[in-house]
Every structure is written in C-alpha cells, then in structure tokens.
Amino acid sequence: MTQTRFDVPRFDVLAIGNAIVDVLAPCDDAFIAAEGIDKGAMTLIDTARAEELYSRMAPGREISGGSAANTCAGLAALGAKSAFIGQVADDQLGAVFAHDIRAAGIHYEVAPRAGDPPTARCLILVTPDGQRTMNTFLGASQHLPANAIDTDLIASAKVLYLEGYLWDPDDPRAAMQGAIRAARDAGRQVAFTLSDAFLLDRHGDDFRRLIDEGQIDILFANEGELLGLTGAADIEAGIAMIAPKLPVLVVTRSEKGAIAVAGQTRAEVPAEPVAKVVDTTGAGDSFAAGFLHGHVQGKSLADCLTIGAVAAAEVISHYGARPEADLAVLVAKRLG
C-alpha cells in the first residue's frame, strides 16, 4: 500500500451505507402472519407495499437509521470521530435524516437528490419478544452515485466501513468499489459487514472474491451469514475456512456472544446481560461500532468484543437502533 497523504487521520471510521429513516411500531405475531411476512427477516418492498403496510401499522416512531449510519451513531456515542456517506432525497424525511446524523456529531455532506424516488424508509414491526421484522423501501439510497465518493475524505479515516446491504443496487456498488480502491491506495483499512444472509445468494461470489483478493481487513458476520458465505456445516468449520483469509474475522452469535479471530489469536465473549430485550433493531450495528472503536484504539480482541457487546446490550434495551445511554460511561464501568 502507498503511504497515505494524511499523516494524522481526521476520522476514526468513515462508513458508507443506506440512508434510511426507520418507522418502528409494536405488533403481535398474528399481525405478522396476517401480512404474510417472514418474522425476524428483512424484506425489500416497493412504494405501493410500503404505503399499504404503513397504513395498517400501529402508531410508530420515526428515527433516522440505516445499518452503517447506526454504526456511526454508536461510534459517536463512544467518543469516536466518524463520517458517513449515503444518499437521501430532497424531501422531508431526507431533511430529518441529515439533521439527525449531523446532530449526533457525525460528518455528513452528501447533497440530497432531487426528484423521485423519495428518501428510503424501513417499516419495522416489533413483537413482544423483542424481535424486529424489517420491511425496507430503499428509495433514494440506492442511487448513491460514484461521484459521491471523495477520495480525500476516504483517505482521512483510519477505517472504511462498508454496509453489505448497499452492495445490491448497481450505482452504490460501483461507488463502494471505488471507495475500496481509494482506501487501499491511501493505506487505510477496509471493514465490511455482510448485513444479511439473503445477500449471499445474490452477491456471495463478489464478497468471496473481495476476501480472496485481500481487499477486506475486518469482516463482520453473524452465524447464519458465516455459514452462507462458506457453505460450512457449523460455525467452527466456517471460521476455520474463512479466518485464514482475513486479518480480522468477527462473528456475532446473538445471545451466545461473539467470537473474533486475528491470525493465531482468538477471543470469545458472552453476551452482556440485559434486564429485558425490548427491540433488537440495530444490535449488530452497535456491536460493530463498539468493536471498531476498540480496534482503532489498539485494544485487544477480547476488549474489542466486550465493547461491542456492551453497545449491543444497550441498544436492545429500548426501542430504536441508536444508543440512548452514555456508552462511554457503560464501557468504562465494564472494562474497569
């Protein structure tokens, strides 16, 4: 890699992902079944379905979201410096998203897009067991152009963090490929989250090629995504197949905790205790924020996992995918 032109990075993490406003509403299992929705999954929907489902949902809360944007919010809450690249439309929800992300202390300068489609939104149905079922209208977010990638901005961050969800549309995929090249040219690290197992059916070959070519430094996957990526029968076989190809592999396992492998070093931590799981939306996003925060500070794998677990536990204890408590204080208490 070439020497970066930024001797002192301006940001700890720069993330690229879908710019989405979440609409969260409670429901019961009967409503999920009546709507023919796969509970706990993320389903892409079009404008007509978004309007139809929204009309039948209970009163909800509008909160700026999007996987990578949530990770940036977690990083900011931990005291890290982060930036975000994602596309909104020039409409009311676009203004809400831009305001919220900047108010959180996250650098965001992408100009809103004129005309249709409107800003993306995710209709999230939360059942009493805390499970979230996501119905996502991607809207303007899937029109992020390649020219939105500022190579100087990419070079100014220690880590470029990419959201797998955004790999699906053509324009954002090209933008992310350009961002990877810019990060590698600048000598920066690239982190990638697989986001959802359904993406592996569509882009698994792309993801495996990125790994084989050494384009990814840190890979985040949950247990199902790891098995889908590797075709392995169990998690240990999957780790054995993919970990040697990556500088750092992080596997989250929900209530079973998380595992990280870096070369010959392996760490495993349990999930942090939570009095009541209210809403699991954003748990993985917050975990990634905690891990990356520890990583850029040079902490051990075990500490990085612990910070991630603390951040995830906080976000699942309330509605919404962004932290409400002081994560820095919670982490300080946990690590002593």
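Sequence positions are assigned chain by chain, starting from 1 and proceeding in written order. Confidence filtering applies because this is a predicted model: local features only for residues at pLDDT of at least 70, side-chain atom pairs given and counted only at 80 or more, and all residues used for totals across whole chains, interfaces and linings. Neither water nor hydrogens contribute to the side-chain values; these are computed over all heavy atoms in the structure.

With an unreviewed UniProt entry as reference, the chain is termed Carbohydrate kinase, source organism Croceicoccus naphthovorans. UniProt positions are given in the numbering used here, feature names are shortened, and annotations may be inferred rather than shown by experiment. As its UniProt record puts it under Sequence similarities (unreviewed entry), the chain is described as follows: "Belongs to the carbohydrate kinase PfkB family."

Undergrad: Please explain the sheet that holds strand 7 (residues 132–137) as it appears in this structure.
TA: Two orientations exist for strands paired in a sheet by backbone hydrogen bonds: parallel and antiparallel. Paired strands are those between which DSSP finds at least two bridges. Numbering of helices and strands runs from the N terminus, with a helix taken as a DSSP run of H or I at least four residues long and a strand as a DSSP run of E at least two residues long. Spatially, 3-7-6-2-4 is the arrangement adopted by the 5 strands of the open sheet, whose pairing is mixed. Both edges of this open sheet fall to strand 3 (42–44) and strand 4 (61–65), since each of them pairs with a single strand only. Taking the axes of each pair of neighbouring strands and ignoring which way they run, one obtains an average angle of 25 degrees across the sheet. The pairing of strand 3 with strand 7 spans 3 bridges and is parallel. Note on strand 7: the bridge partner recorded for T43 is N135. Any two residues having at least one pair of non-hydrogen atoms within 4.5 Å are treated as being in contact. In this analysis an axis means a line fitted to C-alpha atoms, helices contributing only their contacting stretch, and an angle means the value between N-to-C directions, from 0 to 180 degrees. Across the sheet, helix 4 (residues 92–103) lies against strand 2 (20–26), strand 4 and strand 6 (120–126), angled at about 60 degrees from strand 4, the strand it touches most.

Undergrad: What is the right way to look at helix 3 (residues 67–77) in this model?
TA: Each turn of an α-helix holds 3.6 residues, which means side chains three or four residues apart point in the same direction. A large share of helix 3 lies buried, amounting to 9 of its 11 residues. Along helix 3, the residues that are buried comprise S67, A68, A69, N70, T71, C72, A73, G74 and L75. Trailing helix 3 by a residue or two, G79 shows a phi angle of about 100 degrees, which is positive. The buried label applies to any residue whose accessible area, calculated with a 1.4 Å probe on protein chains only, is under 20% of its type's maximum; exposed applies above 50%, and partly exposed to all values in between.

Undergrad: Teacher, can you tell me more about helix 2 (residues 47–56) here?
TA: Residues of helix 2 that are buried: R49, A50 and L53. Each buried residue of helix 2 lies within a common arc of 100 degrees when the element is viewed along its axis, so the set occupies one face. Across helix 2 from its buried face, at more than 90 degrees, point the exposed residues A48, E51 and S55. On the buried face of helix 2, the contacting elements are helix 1 (29–34), strand 6 and strand 7. When we speak of the arc, we mean the arc of directions from the helix axis to the C-beta atoms.

Undergrad: Please clarify how the environment of M57 should be interpreted in this entry.
TA: Here M57 is to be found in the loop between helix 2 and strand 4. M57 sits in the buried class, given a relative accessible area of 10%. Leave out the neighbours within four places in its chain, and M57 touches V23, A25, F31, L123, I124 and L125.

Undergrad: Is there a simple way to think about the pattern of salt bridges in this case?
TA: Any two side chains of opposite charge can pair, so long as their charged atoms come close to each other. We define a salt bridge as a side-chain nitrogen of Lys or Arg found within 4 Å of a carboxyl oxygen belonging to Asp or Glu. Summed over the entire model, instances satisfying the criterion amount to 18 salt bridges. Notably, a salt bridge pairs R184 with D217, separated by 2.5 Å at the nearest N-O pair. Placement of R184 in helix 6 (residues 170–185) and of D217 in the loop between helix 7 (198–212) and strand 10 (218–222) is noted, with a sequence separation of 33 residues between them. For R184, a relative accessible area of 14% puts it in the buried group. Residues E223 and K256 are paired through a salt bridge, measuring 3.2 Å at the closest nitrogen-oxygen approach. Here K256 lies in the loop between strand 11 (248–252) and strand 12 (258–262) and E223 lies in helix 8 (residues 223–230), a separation of 33 residues in the sequence. In this structure K256 comes out as partly exposed when scored by relative accessible area, which is 44%. Residues joined by salt bridges that share partners form a network here, namely E35, R49, E52 and R56.

Undergrad: Teacher, can you tell me more about the sheet that holds strand 1 (residues 11–16) here?
TA: Spatially, 8 strands are ordered 5-1-8-9-10-11-12-13 in an open sheet, and the strand pairing comes out mixed. Whereas interior strands pair on both sides, the edge strands pair on one side only; in this sheet they are strand 5 (82–85) and strand 13 (265–269). If you compare each strand with its neighbour and ignore which way they point, the axes differ by 15 degrees on average. As defined by bridge partners, strand 1 adjoins strand 8 (residues 157–163) across 5 bridges and the pair is classed as parallel. Residue F11 lies in a different strand from strand 8, and its bridge partner there is A157. The sheet contacts of helix 11 (residues 301–315) involve strand 11, strand 12 and strand 13, and relative to strand 13 the element is tilted by about 30 degrees.

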